[in-house]
Amino acid sequence: MRNKEGYRAEYIYGAGRRALARHDPVRALPLLRAAVDGIAMDGAHPGRHQELADRLYWLAITLIKLGKSGLAIKALASSQKLAPRGHARALYCRVSNEYGMPRSSCPEHDDYKAFFAIQARRYLANTPGRRFSNQTEMEAVLAVIADAWLRLHKSADLGDRSCGYKLHAFRAFRIDFPALLPSSLSSAGTVMPGDFWPGASASEHERCSCGSGLPVHRCCGRVPLPWER
Ligand SMILES: [Zn+2]
């Protein structure tokens, strides 16, 4: 049975859809976010998966209109898992790449973005609030990762390799950021959680265990953006 929060979320969802229909994504965004959160507060269960998938889809549309493609991909990835035959699946496959990230204009850039996200996420895991403290720190990290990318390409021929193979290589590549981190926080020489990612043992064409029907690298084993929660 729907509780008070559930009815409130339904009203907010309608208001968000109307704002979007009036071409006002700025107003629609907080409303649709609240509507998505409302389903969880209302006690999400399998019978409401389609409803949650629809709300996530419209949230993603709003985020796309606002130019927030990374967050939109995350919402679409969640939506298509809940409703694999829904409209979110078609849109997700159109705007995402093999890594489950926003699609770039060329495969080489997709590869670099995946490598960058993996390495930057590791770095940010050891920073307060998972953020760069200033522009200088951010630019230094970007330069270190770009240099590491060149070194990886010199040591390994990844050009025609599969997505799964490249992900193994990206995740196995360890970058030491000693000059950028306080010594007490440095993770150099430690085993990182990233070594045990969901698709680590999956073959290239193995379908995701969640039942979505997509390859695991594009579904639950997708590469999250560096700041993604
Ligand atoms: Zn999945």
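Conventions used here
- Residues numbered from 1 in each chain as written.
- Predicted model: local features only at pLDDT ≥ 70, side-chain atom pairs only at ≥ 80, totals over all residues.
- Heavy atoms only, no water.
- Donors = N, O, S within 2.8 Å, 3.2 Å for Na, K, Ca; no water.
- Tetrahedral: all angles 85-135°; square planar, octahedral: opposite > 155°, others 65-115°.
- Buried < 20%, exposed > 50% of the residue type's maximum accessible area, 1.4 Å probe, protein only.
- Core = buried A, V, L, I, M, F, W, Y, C linked by side-chain atoms within 4.5 Å.
- Helix = DSSP H or I, 4+ residues; strand = E, 2+ residues; numbered from the N terminus.
- Domains from an automatic or database assignment.
- Contact = heavy atoms within 4.5 Å.
- Expected span 1.5 Å × (residues − 1).
- 1 Å grid on protein atoms, 1.4 Å probe; cavity = no way out; pocket = protein on both sides within 12 Å on 5 of 7 lines; lining within 4 Å.
- Points joined across faces, edges and corners; volume = space filled by probe spheres on them.
- Nonpolar A, V, L, I, M, F, W, Y, C, P; charged D, E, K, R; others polar.
- Phe/Tyr/Trp six-rings, centres within 6.5 Å; stacked < 30°, edge-to-face > 60°.
- Lys NZ or Arg CZ within 6 Å of the ring centre and 35° of its normal.
- pLDDT = per-residue confidence, 0-100.
- Salt bridge = Lys/Arg side-chain N within 4 Å of Asp/Glu carboxyl O.

**What about the coordination of the zinc ion?**
In step 1: Bound to the zinc ion are the protein donor atoms C208 (SG), C210 (SG), C219 (SG) and C220 (SG), situated 2.3 to 2.4 Å from the metal.
In step 2: Geometry at the zinc ion is tetrahedral, judged from the four donor atoms that bind it and their angles of 100 to 118° at the metal.
In step 3: Within one chain, the residues serving as donors to the zinc ion are arranged as C-x1-C-x8-C-C.
In step 4: Overall, C219 belongs to the buried group, its relative accessible area being 1%.
In step 5: Residue C220 is classed as partly exposed on the basis of its relative accessible area, which comes to 35%.

**Re the nonpolar core**
In step 1: Formed by 31 residues in total, the largest nonpolar core has its most connected members in Y57, L59, L76 and Y92.
In step 2: Contributions of two or more residues to this core are made by α1 (4-21), α2 (25-41), α3 (49-65), α4 (69-82) and α5 (87-95).
In step 3: Here this core spans two domains, and each of domain 1 (4-95) and domain 2 (107-218) adds at least three residues to it.
In step 4: Here L59 is in contact with L29, L32, R33 and V36, once residues within four sequence places are set aside.

**Describing α4**
In step 1: With 14 residues, α4 should reach 20 Å at 1.5 Å per residue; the first-to-last C-alpha distance of 20 Å fits that figure.
In step 2: Among the residues making up α4, those that are buried are G70, A72, I73, A75, L76, A77, S79 and Q80.

**Considerations on the layout of surface pockets**
In step 1: Reported here for the second largest pocket is a volume of approximately 290 Å³.
In step 2: Residue lining of the second largest pocket: 15 residues in total, with R130, R131, P226, W227 and E228 positioned closest to the centre.
In step 3: Taken together, the elements giving at least two residues each to the lining of the second largest pocket come down to α4, α6 (107-124) and α7 (135-155).
In step 4: Among the elements that make up the lining of the second largest pocket, the one with the highest residue count is α6 (three residues).
In step 5: Of the residues assigned to the lining of the second largest pocket, the class counts are nine nonpolar, one polar and five charged.

**Focus on the side chain of D111**
In step 1: Looking at the element boundaries, D111 is found in helix α6.
In step 2: With sequence-adjacent residues up to four places away left out, D111 is seen in contact with Y99, W149, K166 and F170.

**Some words on the packing of aromatic side chains**
In step 1: Evaluation of the coordinates by the stated rule reveals ten aromatic pairs.
In step 2: Between Y99 and F170 the ring centres are 6.3 Å apart and the planes differ by 35°, which places this aromatic pair in the tilted class. Of the two residues, Y99 is situated in the loop between α5 and α6 and F170 in helix α8 (residues 163-172); the sequence distance between them amounts to 71 residues. For the pair Y99 and F170, one class covers both residues: buried.
In step 3: Each ring, one from Y123 and one from F177, has its centre 5.0 Å from the other, and the planes form 65°; the classification is edge-to-face. With Y123 in helix α6 and F177 in the segment after α8, this residue pair connects regions lying 54 residues apart in the sequence.
In step 4: Grouping aromatic residues by their ring pairs yields a cluster made of Y99, Y112, F115, F116, W149, F170 and F173.
In step 5: Directly above the ring of Y13 sits R55, whose terminal nitrogen or CZ lies 4.8 Å from the centroid.
In step 6: Residue placement shows R161 over the ring face of Y165; its charged tip is 4.1 Å from the ring centre.

**A look at the confidence of the model for the protein chain**
In step 1: Averaged over every residue, the pLDDT of the protein chain is 85; the share at 70 or more is 83%.
In step 2: Least confident of the elements in the protein chain is α1, whose mean pLDDT is 88; most confident is α5, at 95.
In step 3: Note that residues 183-202 has pLDDT below 50 and, in this model, 29 contacts with residues that lie over four places away or in other chains.

**Details of the pattern of salt bridges**
In step 1: For the structure on display, the rule yields five salt bridges.
In step 2: With a shortest N-O distance of 2.7 Å, E51 and R48 are connected by a salt bridge.
In step 3: Under the relative-accessibility criterion, R48 is labelled buried at 7%.
In step 4: Between R151 and D147 there is a salt bridge; the shortest N-O distance is 3.2 Å. Taken together, the residues R151 and D147, both in helix α7 and four residues apart, mark about one turn of the helix.
In step 5: For R151, a relative accessible area of 42% corresponds to the partly exposed category.

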